[in-house]
Amino acid sequence: MSKFLQFHTLTPYSGVLLNRDDAGFAKTLPFGNAKRTRVSSQCLKYHWRKYEGKHAIRDAGEMSIRSRRTFRKKVAVPLINEDYPAGLVYIGTMSVRCLLLNETSYLDSNNRYLKKSSTNSFFEAGQEGERDILHTDQVVVFGQAEIRQIKNLIRKYIAEIRGEYGENEAVDKKQILDKSHKYWKEYYKPRGSKKADNLRGLRNAMGIDAAMHGRMVTSDVLARGNAAVHVAHAITTHAQQREDDYFTAVDDLLDEDTGGEESGSAHLNTKQLTSGLFYNYVVVDVPLLVSNLESCERSEWTDADLDLAVEVLRRFLHTLATVSPGAKLSSTAPYAKAEFIMVESGDEQPRTLANSFKKAVPLTENVTEDSIERLTDYVDRMDGMYATEEDRICATTEEADLPAPNATLPDIADWIETNVTTYASS
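Each value, and the rule that gives it
- Residues numbered from 1 in each chain as written.
- Predicted model: local features only at pLDDT ≥ 70, side-chain atom pairs only at ≥ 80, totals over all residues.
- Heavy atoms only, no water.
- Salt bridge = Lys/Arg side-chain N within 4 Å of Asp/Glu carboxyl O.
- Helix = DSSP H or I, 4+ residues; strand = E, 2+ residues; numbered from the N terminus.
- Buried < 20%, exposed > 50% of the residue type's maximum accessible area, 1.4 Å probe, protein only.
- Patch = residues over 30% accessible without salt bridge, like charges linked within 9 Å, V, L, I, M, F, W, Y side chains within 5 Å.
- Areas by Shrake-Rupley, 256 points an atom, 1.4 Å probe, with all protein chains shown as cover.
- Lys, Arg positive; Asp, Glu negative; His and termini not counted.
- Charge placed at Lys NZ, Arg CZ, Asp CG, Glu CD.
- Core = buried A, V, L, I, M, F, W, Y, C linked by side-chain atoms within 4.5 Å.
- Contact = heavy atoms within 4.5 Å.
- Expected span 1.5 Å × (residues − 1).
- Axes fitted to C-alpha atoms, helices over the stretch in contact; angles between N-to-C directions.
- Left-handed = near helix turned anticlockwise from the far one by under 90°.
- Nonpolar A, V, L, I, M, F, W, Y, C, P; charged D, E, K, R; others polar.
- pLDDT = per-residue confidence, 0-100.

**Things to note about the pattern of salt bridges**
Part 1 of the argument: Scanning all chains against the criterion turns up eleven salt bridges.
Part 2 of the argument: Note that Asp-285 is salt-bridged to Arg-298, the shortest N-O span being 2.8 Å. With a gap of 13 residues between them, Asp-285 in strand β9 (residues 267–285) and Arg-298 in the loop between α9 (286–294) and α10 (307–322) connect regions that are remote in the sequence.
Part 3 of the argument: Since its relative accessible area comes to 7%, Asp-285 is described here as buried.
Part 4 of the argument: For the salt bridge of Arg-392 with Asp-383, the shortest nitrogen-to-oxygen distance reads 3.0 Å.
Part 5 of the argument: Overall, Arg-392 belongs to the buried group, its relative accessible area being 10%.
Part 6 of the argument: On the basis of relative accessible area, Asp-383 is assigned to the buried category, the value being 15%.

**Considering a positive patch on the surface**
Part 1 of the argument: A cluster of like positive charges, contributed by Arg-68, Arg-69, Lys-73 and Lys-74, occupies part of the molecular surface.
Part 2 of the argument: Position of Lys-73 relative to the elements: it lies in helix α2 (residues 70–81).
Part 3 of the argument: Given the relative accessible area of 49%, Lys-73 is considered partly exposed.

**Focus: the environment of Glu-399**
Part 1 of the argument: Take Glu-399: it is sitting in the loop between β11 (391–396) and α13 (409–425).
Part 2 of the argument: Linking Glu-399 and Ile-372, residues 27 residues apart in sequence, is a C-alpha distance of 9.7 Å.

**Structural notes on the nonpolar core**
Part 1 of the argument: The biggest cluster of nonpolar side chains holds 53 residues, and the ones touching the most others in it are Leu-5, Phe-7, Phe-316, Ile-412 and Ile-416.
Part 2 of the argument: When residues no more than four places from it in sequence are discounted, the contact partners of Ile-416 are Leu-5, Phe-7, Leu-313, Leu-317 and Val-343.
Part 3 of the argument: Ranked by size, the runner-up nonpolar core spans 30 residues in total, among them Phe-71, Ile-158, Ile-176 and Leu-177.

**Digging into α2**
Part 1 of the argument: Over its twelve residues, α2 runs 16 Å from end to end, which matches the ideal 16 Å to within 8%, given 1.5 Å per residue.
Part 2 of the argument: Two residues or fewer after α2 comes Asp-83, characterised by a positive phi angle close to 75°.

**Examining the packing of α10 against α13**
Part 1 of the argument: At a closest axis distance of 9 Å, the pairing of α10 and α13 adopts a crossing angle of 150°. For the crossing formed where α10 meets α13, the hand is right-handed. The segment α10 lies against α13, with Val-310, Leu-313, Arg-314, Leu-317, His-318 and Ala-321 engaging Leu-409, Ile-412, Ala-413, Asp-414, Ile-416, Glu-417, Val-420 and Thr-421.
Part 2 of the argument: Split by residue class, the contact of α10 with α13 holds nine nonpolar, two polar and three charged.

**As for the confidence of the model for the protein**
Regions with low pLDDT should not have their predicted coordinates read in detail.
Part 1 of the argument: Taken over all residues, the pLDDT of the protein has a mean of 83, while the share at 70 or more is 79%.
Part 2 of the argument: Mean pLDDT values over the elements of the protein span from 53, in helix α4 (residues 120–124), up to 98, in strand β7 (residues 234–236).

See below:
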């Protein structure tokens, strides 16, 4: 059983550079009969996650940590600051890292620590100047609750090792490594073992943004990381509008020896500015969102607590409509709100409405109104062809015919809540 919410917005920007390519120019996309200005989905999601104002998603609960340095900064260093022995902390942290990420760089085929990594590397890793062995090659995503659970696993490991060896600093390092290997080997056992199940339980606390946007981890333990929110690249409904802006920086402290005759600037450069009406499309897989947030099976989402998912969806609606990409803040003030938003609900496979604009909308003073008209006509034709109709609600600032009655943004938030809870109880 599927349940999708589809969000469509039209947002105008003037004189901005919202998203740049590697050369510093505005990102573009050829589509239909014209090149369009583009804002990548990664850029959009980044600013939605980082937003801290009214209706911020992060205020609904704990967010995730995305970093290559998580195991050192959020696990090892805090435990060492609690006066746990650095060597044992690093052995425990590396063991959990290998378990969670299916890494073998520090383990042999029998899951034993490799000799080249099992001597001073672990016991001296916390010393200044030593290569940090805990950094990952790629960014990994963990929830705050997962970090707390990882630290508790390592605390239990250290307590057991200390229980046998006490505070004896002269204990042979090989003995500690052998004992550590025997301890962590229990976590590799199949389902049913208490330790293995405890480790797999980590996947139940990935954080709100990871529940929404997923996490790229290949581990079987953390495989439950599919994105519930699917975000398209935003494109202009019309052909790209751009201007190369020539600018200078004047030196306020001119050389007095020139007798005031020095002229010109201290810096000359250009930057690209664009203007446009951007169509943005987002799909939310509601059952998967509830599953990720509540740690239930996707097929059982209707029996779960929906409060957090509904709160996230309400906040996401406001974020989608009001939060702008933040590039060139000081020189372009790229703040704009959507002037059209439509939300659809249904069981059918989602479909973008970007094809409304395969033929670029003419650049007139009514470009927003014309784009809404084009979108509305496309929706009517798709409904006619497939003999289906989504439940819809709209909001706009324009005088235009809409695919559904005009409402306010708070009305749409209430509609989403009612729609999700009613569907779940039916």
